[in-house]
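# Close look at the chain arrangement
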Amino acid sequence: MGLATQVYAKEEAGALHLGAAPQGAQADAWTAILLLFHDHEWERTILRWALDTPAFYIGAQGGLRARMARLDDLARDGVNETQLSRITSPIGLIPRTREPGVLALSALAEILGVYERLHPLA
């Protein structure tokens, strides 16, 4: 689709460290940030970093228990309700899919929809 993407994975040496923001990552008002962790303990610091950026979309995969725990943890860290409301979860137009390809397409469609509403073509 011609979209520029940058992937940070915990499996890649030096890309991510538990408890640290992604090294070298930058985000502006044209940026969408999407977290797809099975191990949700990786999210906390990354989400705090993401919420300090002007990214137009911040999403995090996870079921109800993971979403509630995520919000509780961030609130205990001092993240306010306005900031917490920036986190989209569940993600995608089909929020309960377990099929990776469907989840990817569903999340991308949601992100593009948000982008188009915020940044319409002139």
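Please refer to the structure higher up on the page.
Residues numbered from 1 in each chain as written. Predicted model: local features only at pLDDT ≥ 70, side-chain atom pairs only at ≥ 80, totals over all residues. Heavy atoms only, no water.

Next up on the list: helix α4 (residues 100-118). Quick reminder: α-helices carry 3.6 residues per turn. Residues three or four places apart thus point the same way. With 19 residues, α4 ought to run about 27 Å at 1.5 Å a step, and its terminal C-alpha atoms sit 27 Å apart, in line with that. Leu103, Ser106, Ala107, Glu110, Ile111 and Val114 are the residues of α4 that are buried. Buried positions in α4, seen along its axis, are confined to an arc of 130° and lie on one side of it. Packed against the buried residues of α4 are β1 (32-35), β2 (57-60) and β3 (87-88). (Helix = DSSP H or I, 4+ residues; strand = E, 2+ residues; numbered from the N terminus. Expected span 1.5 Å × (residues − 1). Buried < 20%, exposed > 50% of the residue type's maximum accessible area, 1.4 Å probe, protein only. Arc of directions from axis to C-beta. Contact = heavy atoms within 4.5 Å.)

On to the nonpolar core. General note: in soluble globular proteins, nonpolar side chains tend to be found buried as a group. Formed by 16 residues in total, the largest nonpolar core has its most connected members in Ile33, Leu35, Leu47, Ile58, Leu74 and Ile87. Where this core is concerned, the elements lending two or more residues are β1, α1 (43-51) and β2. A per-element tally of this core places α1 first, with four residues. Tyr57, Ile91, Ala107 and Ile111 belong to the second largest nonpolar core, which has seven residues in total. (Core = buried A, V, L, I, M, F, W, Y, C linked by side-chain atoms within 4.5 Å.)

What follows concerns the pairing of β2. Here β2 shows no split at all, with Tyr57 and Gly59 on one side and Ile58 and Ala60 on the other all buried. In terms of strand pairing, β1 meets β2 through four bridges, oriented parallel. For leucine 34, the partnering residue across the bridge sits in β2 and is glycine 59. Crossover handedness for the path β1 to α1 to β2: right-handed. Bridging between β2 and β3 involves two bridges; their strand directions are parallel. Bridged to glycine 59 within β3 is threonine 88. (Pairing = 2+ DSSP bridges. Right-handed = clockwise from strand over helix to strand, strands pointing away.)

What follows covers the packing of aromatic side chains. In the structure shown here, the tally under the stated rule is three aromatic pairs. Judged by centre distance (6.1 Å) and plane angle (10°), the rings of phenylalanine 37 and tryptophan 42 are stacked. Residue tryptophan 42 is classed as buried on the basis of its relative accessible area, which comes to 15%. Ring pairing ties together the aromatic residues Trp30, Phe56 and Tyr115, which thus form one cluster. (Phe/Tyr/Trp six-rings, centres within 6.5 Å; stacked < 30°, edge-to-face > 60°.)

Quick look at the sheet that holds β2 now. Within the open sheet, the three strands sit side by side as β1-β2-β3. Their pairing is parallel. Either end of the sheet is taken by a strand with one partner, and the two such strands are β1 and β3.

Together, Leu93, Ile94 and Val102 give the surface a local cluster of nonpolar side chains, amounting to about 260 Å² of exposed area. Tracing the backbone through its elements, the reader meets isoleucine 94 in the loop between β3 and α4. (Patch = residues over 30% accessible without salt bridge, like charges linked within 9 Å, V, L, I, M, F, W, Y side chains within 5 Å. Areas by Shrake-Rupley, 256 points an atom, 1.4 Å probe, with all protein chains shown as cover. Salt bridge = Lys/Arg side-chain N within 4 Å of Asp/Glu carboxyl O.)

Another point: the packing of α1 against helix α2 (residues 64-76). It is the contact of α1 with α2, at a shortest axis distance of 10 Å, that shows an interaxial angle of 65°. In this structure, the crossing between α1 and α2 has a hand that is right-handed. Only Arg70, Asp73 and Leu74 of α2 make contact with α1, whose side of the interface consists of Glu43, Arg44, Leu47 and Arg48. (Axes fitted to C-alpha atoms, helices over the stretch in contact; angles between N-to-C directions. Left-handed = near helix turned anticlockwise from the far one by under 90°.)

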